[in-house]
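A look at the structure
Residue-level listing of the chains:
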Amino acid sequence: MVIMKGSDESNTKKSSCLNILFAIFIIILSAISVAFSCAFPTAMIVIGAKNINKCTIEPYIPIWLVVAGSVAFFPFILSVISLISFLM
């Protein structure tokens, strides 16, 4: 039976490298999800506000877009406020 002395160090290095790559992946995934969770409500508010009196088929669609975008954006604003208050 042959015992390799350097195998524990190489396993530790591989494991720490994988942990770093996993952390980077999670950070990128979180940034993408935050961007999408802010982009869609913002787009709803902007499109609804630009077309507030221009929809001839159904005049309440732009109003619905503004209201729904505001409601969808509200939890994000609350989480940012709570994070800021937690850090202070």
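Predicted model only: the values in this text are computed from it and were never measured.

1. Some points on the overall build of the protein chain
Regarding its fold elements, the protein chain presents two helices and zero strands. Buried positions account for 8% of the 88 residues belonging to the protein chain. For the protein chain, the exposed area adds up to about 7,500 Å²; of that, 77% sits on carbon and sulfur atoms.

2. Things to note about a nonpolar patch on the surface
A surface patch of nonpolar side chains, amounting to about 810 Å² of accessible area, comprises Leu 18, Ile 20, Leu 21, Ile 24, Ile 28, Ile 32, Phe 36 and Phe 40. Positionally, Phe 36 belongs in helix 1 (residues 7–50). On the accessibility criterion, Phe 36 (46% relative accessible area) is partly exposed.

3. Some remarks on the packing of aromatic side chains
All told, the structure shown has two aromatic pairs when counted by the stated rule. Arranged with centres 5.7 Å apart and planes meeting at 15 degrees, the rings of Phe 36 and Phe 40 form a pair that is stacked. Placement of both Phe 36 and Phe 40 in helix 1 is noted, with a separation of four residues, approximately one turn of the helix. Note on Phe 40: relative accessible area 54%, which makes it exposed. Aromatic side chains Phe 73 and Phe 76 sit 5.8 Å apart centroid to centroid with 40 degrees between the ring planes, which places their arrangement in the tilted category. With a gap of three residues between them, Phe 73 and Phe 76 both fall in helix 2 (residues 60–87), about one helical turn apart. Given a relative accessible area of 21%, Phe 73 falls into the partly exposed group. On the accessibility criterion, Phe 76 (26% relative accessible area) is partly exposed.

4. Concerning the environment of Gly 48
Note on placement: Gly 48 falls in helix 1. The sequence separation of Gly 48 and Pro 62 amounts to 14 residues, and the corresponding C-alpha distance is 4.0 Å. When residues no more than four places from it in sequence are discounted, the contact partners of Gly 48 are Pro 62, Leu 65 and Val 66.

5. Quick word on helix 2
The periodicity of an α-helix, 3.6 residues per turn, causes residues three or four places apart in sequence to face the same way. Over its 28 residues, helix 2 runs 41 Å from end to end, which matches the ideal 40 Å to within 8%, given 1.5 Å per residue. Of all the bends in helix 2, the largest measures some 30 degrees and sits at Phe 74, one to four residues before the proline Pro 75. Residues of helix 2 that are buried include every one of Pro 62, Leu 65, Ala 68 and Gly 69, and no others.

6. What to know about the environment of Cys 55
You can see Cys 55 is positioned in the loop between helix 1 and helix 2. Leave out the neighbours within four places in its chain, and Cys 55 touches Ile 61 and Pro 62.

Definitions and cut-offs
- Residues numbered from 1 in each chain as written.
- Predicted model: local features only at pLDDT ≥ 70, side-chain atom pairs only at ≥ 80, totals over all residues.
- Heavy atoms only, no water.
- Helix = DSSP H or I, 4+ residues; strand = E, 2+ residues; numbered from the N terminus.
- Buried < 20%, exposed > 50% of the residue type's maximum accessible area, 1.4 Å probe, protein only.
- Areas by Shrake-Rupley, 256 points an atom, 1.4 Å probe, with all protein chains shown as cover.
- Patch = residues over 30% accessible without salt bridge, like charges linked within 9 Å, V, L, I, M, F, W, Y side chains within 5 Å.
- Salt bridge = Lys/Arg side-chain N within 4 Å of Asp/Glu carboxyl O.
- Phe/Tyr/Trp six-rings, centres within 6.5 Å; stacked < 30°, edge-to-face > 60°.
- Contact = heavy atoms within 4.5 Å.
- Expected span 1.5 Å × (residues − 1).
- Bend = angle between axes of the 7 residues up to and from the residue.

Geometric descriptors of this kind do not, in isolation, establish any biological role.
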